[in-house]
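Secondary and tertiary structure notes
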Amino acid sequence: MSSQVRFTDFKSDKQPTWCPGCGDFGTMNGMMKALAETGNDPDNTFVVAGIGCSGKIGTYMHSYAIHGVHGRALPVGAGVKMANPDLEVMVAGGDGDGYSIGAGHFVHAVRRNVDMSYVVMDNRIYGLTKGQASPTSREDFETSTTPEGPQQPPVNPLALALASGATFIAQSFSSDALRHQEIVQKAIEHDGFGFVNVFSPCVTFNDVDTYDYFRDSLVDLQETDYDPTDREAAKEKVLDADKEYMGVLYQDEESQSYEQTHGLDSDMSDIDHDGAPEDAMDLVREFY
Amino acid sequence: MPADFNWAIGGEAGDGIDSTGKIFAQALSRAGRHVFTSKDFASRIRGGYTAYKVRTSTEKVRSVVDRLDVLVALTPRTIEENMDELHDGSVIIYDGDRTTMADVDIPENMVDLDVPLKALAEDAGGAIMRNVVALGAACEATSFDIEHLDSSLKKRFGDKGQAIVENNKQAARLGQEYVQENYPDADLDYELETTDNDYVLLNGDEAIGMGAIAAGCKYYAGYPITPATDVMTYLKGRIEHFGGHVVQAEDELAAINLALGAARAGARSMTATSGPGIDLMTETFGLVATSETPLVIVDVMRSGPSTGMPTKQEQGDLNMLLYGGHGEIPRFVLAPTTVNECFWKTVEAFNLAEKYQTPVYLAADLAMAVTEQTFEPEAFDMDAVEIDRGKVVDEDTIEDHQTESGGFKPHEITDDGVSPRAFPGTAGGAHMSTGLEHDEQGRRTEDTEMRVKQVDKRNRKVETAKEREDFSPREFGDPDADNLIVTWGSNEGTLVEALEYLDDDDVDVRILSCPYIFPRADLTEEFEAADQVVVVECNATGQFADVVEHDTLQRVKRINKYDGVQFKADELANDIKETLAGEGQEVEA
């Protein structure tokens, strides 16, 4: 890949309509920088986005892209990658998109381990529908649809991923630009499904999970002697009710992507014949 | 009527009814006889009644009939269920040693062949072969050379080793010999002639899978559902040989989205499901259409709504396929009319999808999907398959479809409504695809003028297709007849056979069988030329009849069957006679 690719090549000429101060700006910048830094360019990159504020990302980035239906971005991304393993596939979504309507697909995407990265912009609220509880909202978080709080525990995406057999689990924070970019880069470089939950604050509707909150409370695992290849340690961290962590929580270094396991290595857009494949009559003979 | 012969094996699900039936059907096909099979099955894995029926003739057979000449009954219920179809001289083969069969009462006008199936199977090497013993007995009852059975036993058990094949051959011979020795005076009138022809025997689901591979389909994602699962089963293990891949998704929502992703990446891509799955896929269907992604979606219809009768026939999804989804969505809806057409319409579906960058629904139905039929191998002539990928641009031609600043226009406004397509990886082609209304570059817009332009552009593809493609119905019967019978889907074969019954009663009809539901041929002239028009379909409300009434502004009569069973030729001929005489359940203006 060309070394001249700059992250701005991944920017489209559309101006984001996110609220001023939205965490998604930082999340997207980190994604673009990580893509450029890992040697990709817009023509070999495929970005899949879901619905909601996070779903707009495909419009603001310049690459091959699709804006899927609500919650279904992961299977679309897997289909793209299986059909053309030469492409760099990145799926982006929000906490509602990924952990509510798309929770089933999340579990199975983790199991499938297609070599793509999945960046979830987690702001713990529904922003685009103007402030309802999301699956990661706190139990007592008061919103228009949950005036007394959801009164049910939030989804723990990291634990869900680990339990489903994830080979790469990370968490980052949109305003810590450098660390965020590094973490997404590691997800891209991982041979398999690289899952990154990004705290991407909603400045309009969420006054609890704010920049200040994350800045003060997040523990950066890089600053500890944490070993991300230790699955037992990862269990402890993802189930820790008292602290939230930034960095790679788990990486299986032996990970074999779906494409490797299934021997997918060709670009399926190629049909090198104008009619049926040469030995197709064998298919008919089988029915004698 | 061809001198046809009807055979069945019935018992409980789990008794190996299907595989035994298929072995016999294959033996007949390899002996140069035409075969038409049908299945009577319940939605359960074990227990309950299930039967595999084989109709065979030296001439082409196209439907089921109400007649059974030889029945292998593994349970008393098998006899009860088929009593109406048994007749004077029907042969019933059963194992009187089986506890449940000990007291069965074979009517005196029928031939009673009590064969110790299990005991003979054990002699040959294992009780599991008792059905094969019955096949040997059936060969004797029909003077059918048992060597034809050998080759299909080899096909069925070859993978398990020569010893297993030999044991099975032996089991069949023990059955044959038992009948010879113990029923030397039995009235076994049947004699199945053989010919030198070689036929292939396959069902609609298999033909769809084969058509997909022939058409260059490389990617299939699906979720198991009766009666569409055989498409996936067929493709798995075969498509890989042609560079393709099959994914069993977590649900139908994932299946269509996986298929959409692969299609966006440039692969010829397909999913198959049945009605309930189509419901789940419908939201994404809108995205497929709006993003102008070529995709083939197969609906093997079964009896609905909701879970309905999953193992029974119906053509009730037509409205769903035509109108399903919010907003207005251009689409193609094709409905193959025979097992062979399942192959060709699948090939055509891929070409239409890519030429017009539109989703294509392929509507098959249970009666066709699980029905095996024999064909000359040339009916699947692979040399006749053509692949047309439509307007794909590459790095050299992409410049003609870029804005001044170099942005690619995947939704370029064109006269024919079809825009250029760039596969990901093509330099200069990076673009956004979305279900949001968009401009020529695929970028979201709410601009009123662009909205109208894009809607018109997408709809224009349908007009273009009408000009360029042939959507004519298939025609049978007397072209000059005053009575016009119109149908779609798997009823064609039954109607063609019903012609002979109608002919016996001097009722002349012209038949139009419509494989194109949308876009479709304009039948106004045909309707105006006819005295009476009758639309035949397997649903309660006459969904296709509604559509053609709307097209032609003319009322039609209707014959609707929705009891879960496909039409039978003689029954349908009677319905037609009654309806034409004004006695049917027609709806008149």
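To start, this report covers the structure provided alongside it. Note on numbering: residues in each chain are counted from 1, in written sequence order. Each chain takes a letter, starting from A, and each ligand takes a number, starting from 1, following the order in which they are written. A pLDDT threshold of at least 70 governs which residues receive local features in this predicted model, and a stricter bar of 80 or more applies before side-chain atom pairs are shown or counted, although totals over entire chains, interfaces and linings include all residues. Side-chain calculation: all heavy atoms of the structure are included, whereas hydrogens and water are not.

**Structural notes on the overall build of chain B**
- Numbering of helices and strands runs from the N terminus, with a helix taken as a DSSP run of H or I at least four residues long and a strand as a DSSP run of E at least two residues long. When you go through chain B residue by residue, the secondary structure sums to 18 helices and 21 strands.
- Radius of gyration (C-alpha) of chain B: 26 Å, near the 25 Å computed for a compact globule of 589 residues.
- Considering only C-alpha atoms, chain B reaches an extent of 90 × 60 × 40 Å along its principal axes.
- Only protein chains enter the accessibility calculation, which uses a 1.4 Å probe; a residue is then buried when its area is under 20% of its type maximum, exposed when over 50%, and partly exposed in between. Across the 589 residues of chain B, 62% fall into the buried class. Only C-alpha atoms enter the radius of gyration, while the globule expectation follows 2.2 Å times N to the 0.38, with N the number of residues.

**A short note on helix H1 (residues 23-37) of chain A**
All names here are of chain A.
- Take the number of residues in a helix, subtract one, and multiply by 1.5 Å to get its expected span. If you check H1, its first and last C-alpha atoms are 21 Å apart, about what 15 residues at 1.5 Å a residue would give, namely 21 Å.
- Among the residues of H1, Gly23, Asp24, Thr27, Met28, Gly30, Met31, Met32, Ala34, Leu35 and Ala36 are the ones counted as buried.
- Trailing H1 by a residue or two, Gly39 shows a phi angle of about 85 degrees, which is positive.

**Things to note about the packing of helix H3 (residues 117-124) of chain B against helix H4 (residues 130-141) of chain B**
All names here are of chain B.
- Direction vectors running N to C along H3 and H4 enclose 105 degrees, while the axes themselves pass 8 Å from each other. By the angle between their axes, H3 is roughly perpendicular relative to H4. Residues Leu117, Lys118, Leu120 and Ala121 of H3 lie in contact with H4, whose contacting residues are Arg130, Val133 and Ala134. The axes are straight lines fitted to the C-alpha atoms, using for helices just the contacting stretch, and the angles between their N-to-C directions are given from 0 to 180°. Any angle between 65 and 115 degrees counts as roughly perpendicular, while under 35 counts as roughly parallel, over 145 as roughly antiparallel, and the rest as oblique. Should any heavy atoms of two residues lie within 4.5 Å, those residues are counted as being in contact.

**Digging into the sheet that holds strand S4 (residues 117-122) of chain A**
- Pairing is mixed in the open sheet, where nine strands are placed in the order S7(A)-S8(A)-S5(A)-S6(A)-S4(A)-S3(A)-S1(A)-S2(A)-S15(B). At either margin of the open sheet sits one strand with a lone partner, and together these are strand S7 (219-220) of chain A together with strand S15 (432-434) of chain B.
- Being paired, for any two strands, means DSSP has found at least two bridges between them. Sheet topology note: the strand S3 (residues 88-94) of chain A/S4(A) ladder contains five bridges and is parallel. Within the sheet, the bridge partner assigned to A:Met90 lies in S4(A) and is A:Ser117.
- Of the strands in this sheet, strand S1 (45-49), strand S2 (64-67), S3 and S4 of chain A are in contact with helix H3 (residues 73-83) of chain A, which crosses S3(A) at around 175 degrees.
- With respect to the sheet, helix H7 (residues 177-189) of chain A is in contact with S3, S4, strand S5 (168-173), strand S6 (194-199), S7 and strand S8 (245-251) of chain A, its orientation differing from that of S5(A) by roughly 160 degrees.

**Quick word on unusual backbone geometry**
- Going from B:Thr226 to B:Pro227, the amide bond is cis rather than trans, its omega being 0 degrees.
- When you line up the elements, B:Pro227 lands in the loop between strand S8 (219-222) and helix H8 (229-235).
- With a phi close to 75 degrees, A:Lys130 is a non-glycine residue in the positive phi region.
- Of note, the phi angle at B:Gln357 is positive, near 50 degrees, even though the residue is not glycine.

**Quick word on the layout of surface pockets**
- Of the voids in this model, the largest pocket is the one considered here, and its volume is about 1100 Å³.
- Secondary-structure elements contributing two or more residues to the lining of the largest pocket are strand S1 (5-13), helix H1 (17-30), strand S3 (47-57), helix H5 (146-157), strand S7 (200-203), helix H7 (204-214) and H8 of chain B. Cavity and pocket criteria rest on a 1 Å grid covering protein atoms alone: a 1.4 Å probe that fits but cannot get out defines a cavity, protein on both sides within 12 Å along at least 5 of 7 lines defines an open pocket, and an atom within 4 Å of a point defines a lining residue. Grid points are joined across faces, edges and corners, and a volume is the space filled by probe spheres set on the points.

**Some points on the environment of A:Thr224**
- Mapped onto the elements, A:Thr224 comes out in the loop between S7 and helix H9 (231-238).
- Pairs of N or O atoms are called polar contacts if they sit within 3.5 Å, as long as, within protein, a hydrogen donor faces a hydrogen acceptor (for residues adjacent in sequence, only side-chain-to-side-chain pairs). Among the polar contacts listed, one links the side chain of A:Thr224 to the backbone nitrogen of A:Tyr226, at a separation of 3.2 Å.

**Considering the interface of chain B and chain A**
- On the side of chain A, 52 residues touch chain B, which itself brings 67 residues to the contact.
- Both sides of the chain B and chain A interface together cover about 4900 Å² of buried area, and 64% of this is carbon and sulfur.
- Salt bridges are defined by distance alone: a side-chain nitrogen of Lys or Arg within 4 Å of a carboxyl oxygen of Asp or Glu. In this structure, the connection of chain B to chain A is made through three salt bridges.
- Across the pair B:Glu250 and A:Arg112 runs a salt bridge, and its minimum N-O distance is 2.4 Å.
- Inspection of the region where chain B meets chain A yields 25 residue pairs in polar contact (both at pLDDT 80 or more).
- Breaking the side of chain B that touches chain A down by element, the ones donating at least two residues are S7, H7, strand S9 (245-248), helix H9 (252-264), helix H10 (275-290) and S15 of chain B.
- Here the side of chain B that touches chain A takes eight residues from H9(B), the largest share from any one element.
- Tallied by class, residues from the side of chain B that touches chain A come to 34 nonpolar, 18 polar and 15 charged. Reported buried area values correspond to the accessible surface (1.4 Å probe) lost by two parts on association, with both partners' losses combined. Side-chain classes follow a simple rule in which Ala, Val, Leu, Ile, Met, Phe, Trp, Tyr, Cys and Pro form the nonpolar group, Asp, Glu, Lys and Arg form the charged group, and the remainder, Gly included, forms the polar group.

**Some words on the sheet that holds S8(B)**
All names here are of chain B.
- Judged by pairing direction, the sheet is mixed, and its seven strands sit side by side in the order S9-S8-S10-S11-S13-S12-S19 without closing on themselves. Strands at the two margins of the open sheet, each flanked by one partner only, are S9 and strand S19 (516-518). The average undirected angle you get between the axes of adjacent strands in this sheet is 20 degrees.
- In the sheet, strand S10 (residues 269-273) pairs with strand S11 (residues 295-301) via four bridges, with the strands oriented parallel. The residue of S11 that forms the bridge with Ala272 is Val298.

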